[in-house]
Each structure stands twice: as C-alpha cells, then as structure tokens.
Amino acid sequence: MTTYDDRASLTDLTAVVERVRSSVEGVIEGKPEVVRLSLTVLLAEGHLLIEDVPGVGKTMLAKALARSIDCSVQRIQFTPDLLPSDITGVSIWDQQRRDFEFKPGAIFAQVVIGDEINRASPKTQSALLESMEERQVTIDGTTYHLPSPFMVVATQNPVEMEGTYPLPEAQRDRFMARVSVGYPSPEAELEMLDVHGGVSPLEDLQPVAHAHEILKLIEAVRMVHVAEPVRRYVVELVGATRTHPDLRLGASPRATLHLLRAAKASAALNGREYALPDDVQALAGAVLAHRLLPTAQAQLNRRTAEQVVQEILQHTPVPAAAPQETGIGVGRGGPGYGRQQPRRL
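Here the structure is a predicted model, which means the values were calculated and not measured.

Draft legend 1. Here's a closer look at the overall build of the protein chain. In terms of regular secondary structure, the protein chain is built from 14 helices and 15 strands. Buried positions account for 50% of the 345 residues belonging to the protein chain. Of all intrachain contacts in the protein chain linking residues separated by at least 6 positions in sequence, the fraction that spans at least 24 positions is 77%. Accessible surface, the protein chain as shown: approximately 16,500 Å² in total, 52% of it carbon and sulfur.

Now the structure itself:
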C-alpha cells in the first residue's frame, strides 16, 4: 500500500500540474479558470462535460488537455448513426482461429474525447455508462478493464441547438463537473488571431507530463485530508438540493462523492494537504448544477440550477476554523472547525 511518505511531495507534483496548465493555456487563451477546472477533474478521477455554443473552443480544450499528457487518446465524433459497438467494441468471428475475436472500440484509451456527445441517440450514449462509472466494458459476457488513468472529456451544444438529444439523467450524473468556455475577451480574441491565424498551436503541442506522473498526482489527491466538519458541509450542501422547492430532482450520493474528490483535488492544486470549505464552495456550482432539474414553476420564473446552487451556498452554515488551530504549522490534518453563519459569496 502506498503511504503518504512514499509519494513525491506536493511541491514536486504541483510542478507537473503547472507544466500541463501552461501547455493548455498556450492553446486556450484567456480562460485560466476553465483550464484549472479541467485539471481538477483529471486529478479527482472524474469526467468533464464542456457545454457551450459552437465555435468557442470546446473540442480544442479537450484536445489540448489530452495532447499535453503522454498517454493514449481516442476521439469519438458522436452522430445520430453512431452505434454502441463503435464505442465499446465488437466480437468478430475469426475464420482461421474458428473463434470470436474482440476488436476494442474507441473507449479503450486513457483520455477519450467525445465530440458533440448529445448528437447521438440515448441508446448510443448509454454505451458510456459502464465505462465511466466502473472503468470497464462488458461485451458478450466478458469484462474488459480500461487503462488507467481514464478520463472522458465530452463536449455538447446547448439543447436548443438543432439535431441534439438531451443527455439522460444517468449520463449527466456520471460527469463530475460541467464547464462553459464562453466567449473570449477582446484582448484574448486578438491574441487568438495572432496565435491561430497561421498554423494551429495544436500541431506543435507536445506532451509535458507522462501517464505515470498523472497517476502519482491522483494518488496525492487521494491522500488529501478532509476534516469531519468539511465532509458534513459537503453532505449538507448536497442534501439541500433534494429538498429545495425549486428543484424536482436533487443531487445524488454520487454527486456528494464527486464534490468531495473535487475539493481534495483543488486543495492539492493549491499545494495544501487538507481541504477547506472554500474548496467546496468554489466547485459546488460546476459539480452540482448540471445534475439538478428545476420544477416547471422555476423554469417559468427563469430560475436556473446555478442560481439555486448559489442560494443554497448562501444559506448553508459554513464550518469555521477554530482560532487556536489556525495559522502556520497546523500540519497535515489542517485546521479544526466550528460552525459559523453562511457568508455571502
């Protein structure tokens, strides 16, 4: 079993993350918070859903992240005629061996880019359910394990666009976080014209981290300490979505686990060996909002899931660090916590 002392220091691992971040930001200008969230999901062993209108760099972000890591990459273009076997693979009869031979599908890679995932039918989308949750694929009664690390980075257009299918609730729930790239600022768009006006920077993008380094990063994130009050805070936030009057579907227990893992990854990115309530608050919207379904009345009132999450954050008491345990030298366990009134974000 790997112990905390057996692993590289957080300082060394942070240097690896910094290389990946700089590599991706060389392609995606003016979106540091989007790049950071992508790295957070990677280190938390999650999957990322990138949703926005066409042409803002969703696929380029996914490609830049994949190419910055020296690991196997597969890209799937989701279309209405895509079949589940195109994703998972299929067994083909071999005349010479007189037996069936399994031909792996595109899902057998360490980073899988699903482009415009909501243009495929729900039947095809369901082919991802087992692989995203259990990191394995079962074909004809035989289970095949997927490589590690394993991450699905999917892009989708808003459901109002032509030719799209809404993602099933079970599919959305398997994505740890959803992010919108958004339009760039005028300065970033001008820089984009200089950088992308000739040859695409993706052509010259080289890996800056190896898969085994990413596995070490993931192991470091697993060892990040989360105090009991912070864990309880996560549970209270998720539980509040299940009783909120504006929501007809709250977040699942899987969402609770994803929010905790994401908070630990955020702490590791900040060079800390313990998670804080601030880590939870910063990620609550990205981790929870895409799983929530507003009621019909809330939709009529134009209340979004993101607004509901912010309201829950404002009304849920935040654990407060005990004064005698704060400051420098608190150790790996981090500060202790009492309770305080919720603060405005």
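The structure having been displayed, the exposition proceeds.
Draft legend 2. Quick look at the pairing of strand 5 (residues 99–104). Summarising the sheet, strand 4 (residues 89–94) and strand 5 pair through six bridges and their orientation is antiparallel. Among the inter-strand pairings, W93 is bridged to a residue of strand 5, identified as F100.

Draft legend 3. Quick peek at the pairing of strand 6 (residues 111–115). Counted residue by residue, strand 6 has five buried out of five residues, so it is predominantly covered. The alternating pattern of strand 6 places V111, I113 and D115 and V112 and G114 on opposite faces, both of which are buried. Sheet topology places strand 3 (residues 73–77) next to strand 6; five bridges connect them, and they run parallel. Residue pairing across strands places V73 opposite V111, the latter belonging to strand 6. In this structure, strand 6 lies alongside strand 9 (residues 151–156), joined through four bridges in parallel fashion.

Draft legend 4. Highlighting the sheet that holds strand 1 (residues 48–51). On the basis of which strands lie adjacent, the open sheet formed by five strands has the order 3-6-9-1-10 and parallel pairing. A strand with exactly one partner marks an edge of an open sheet, and here the two such strands are strand 3 and strand 10 (177–179). Between one strand axis and the next, the sheet turns by 15° as a mean value, whatever way the strands run. Contacting strand 1, strand 9 and strand 10, helix 2 (residues 32–43) crosses the sheet at an angle of about 160° to strand 10. Sheet contacts for helix 3 (residues 58–67): strand 1, strand 3, strand 6 and strand 9; angle to strand 9, the most-contacted strand, approximately 165°.

Draft legend 5. Region of interest: the packing of aromatic side chains. Inspection of the entire model under this criterion finds four aromatic pairs. Ring geometry for W93 versus F100: centroids 5.1 Å apart, planes at 75°, classification edge-to-face. Residue class for W93 comes out partly exposed when judged on its relative accessible area of 39%. Judged by centre distance (6.5 Å) and plane angle (80°), the ring pair of F108 and Y144 falls under edge-to-face. Of this pair, F108 sits in the loop between strand 5 and strand 6 while Y144 sits in strand 8 (residues 142–145); the two residues are 36 residues apart in sequence, bridging distant segments of the chain. An aromatic cluster is built from F102, F108 and Y144, whose rings are joined through pairwise contacts.

Draft legend 6. Spatial organisation of the nonpolar core. Within the largest apolar cluster, 77 residues are counted, with the highest numbers of intra-cluster contacts made by V24, L48, L61, L259, V280 and L288. Considering every element that reaches this core, the biggest residue donor is helix 11 (residues 253–269), with nine residues. For L288, the residues in contact, after removing those within four places along its chain, are V238, A251, A255, L259 and V309. Formed by 23 residues, the second largest nonpolar core is a distinct cluster that contains V112, A120, M132 and I139.

Draft legend 7. Representation of helix 1 (residues 10–25). A rise of 1.5 Å per residue sets the reference length of helix 1, with its 16 residues, at 22 Å; its end C-alpha atoms lie 22 Å apart and thus fit the reference within 8%. Among all positions in helix 1, only L10, L13, V16, V17, V20, S23 and V24 are buried. Seen end-on, helix 1 carries its buried residues on one side only, within an arc spanning 145°.

Draft legend 8. Representation of the packing of helix 1 against helix 2 within the structure. Orientation of helix 1 relative to helix 2, taken along the N-to-C sense of each, is 135°, at an axis distance of 10 Å. Relative to helix 2, the element helix 1 is oriented oblique. Once helix 1 is placed against helix 2, the crossing between them reads as right-handed. Across the interface between the two elements, V17, V20, R21, V24 and E25 from helix 1 touch P32, V35, L39 and L43 from helix 2. Split into classes, the residues belonging to the contact of helix 1 with helix 2 amount to seven nonpolar, no polar and two charged.

Draft legend 9. Summary view of unusual backbone geometry. Cis geometry is found at the peptide bond from S148 to P149, where omega equals 0°. Checked against the element boundaries, P149 lands in the loop between strand 8 and strand 9. In the Ramachandran plot, E45 falls in the positive-phi region, its phi being about 60° despite a non-glycine side chain. Locating E45 in the fold gives a position in the loop between helix 2 and strand 1. A positive phi is found at R135, a non-glycine position, where the angle reads about 55°.

Draft legend 10. Spatial organisation of the side chain of R174. Summarising the element assignment, R174 is placed in the loop between helix 7 (169–173) and strand 10. Despite being buried, R174 has no salt bridge partner; E133 is the closest side chain of opposite charge, sitting 4.5 Å away. In this structure the side chain of R174 is engaged in a polar contact, spanning 3.0 Å, whose partner is the backbone oxygen of L129. Aside from chain neighbours lying at most four places away, what touches R174 is H47, L129, M132, E133, R254 and H258.

Draft legend 11. Summary view of the confidence of the model for the protein chain. Predicted confidence across the protein chain gives a mean pLDDT of 85, with 87% of residues reaching 70 or more. Predicted confidence for residues 1–7 stays below pLDDT 50, and this span has eleven contacts to residues more than four positions away or in other chains. For the stretch residues 324–331, pLDDT sits under 50, and the model shows seven contacts to residues farther than four places along the chain or on other chains.

Parameters and conventions
- Residues numbered from 1 in each chain as written.
- Predicted model: local features only at pLDDT ≥ 70, side-chain atom pairs only at ≥ 80, totals over all residues.
- Heavy atoms only, no water.
- Helix = DSSP H or I, 4+ residues; strand = E, 2+ residues; numbered from the N terminus.
- Buried < 20%, exposed > 50% of the residue type's maximum accessible area, 1.4 Å probe, protein only.
- Contact = heavy atoms within 4.5 Å.
- Areas by Shrake-Rupley, 256 points an atom, 1.4 Å probe, with all protein chains shown as cover.
- Pairing = 2+ DSSP bridges.
- Axes fitted to C-alpha atoms, helices over the stretch in contact; angles between N-to-C directions.
- Phe/Tyr/Trp six-rings, centres within 6.5 Å; stacked < 30°, edge-to-face > 60°.
- Core = buried A, V, L, I, M, F, W, Y, C linked by side-chain atoms within 4.5 Å.
- Expected span 1.5 Å × (residues − 1).
- Arc of directions from axis to C-beta.
- Parallel < 35°, antiparallel > 145°, perpendicular 65-115°, else oblique.
- Left-handed = near helix turned anticlockwise from the far one by under 90°.
- Nonpolar A, V, L, I, M, F, W, Y, C, P; charged D, E, K, R; others polar.
- Lys, Arg positive; Asp, Glu negative; His and termini not counted.
- Salt bridge = Lys/Arg side-chain N within 4 Å of Asp/Glu carboxyl O.
- Polar contact = N/O pair within 3.5 Å; in protein donor to acceptor, adjacent residues only side chain to side chain.
- pLDDT = per-residue confidence, 0-100.

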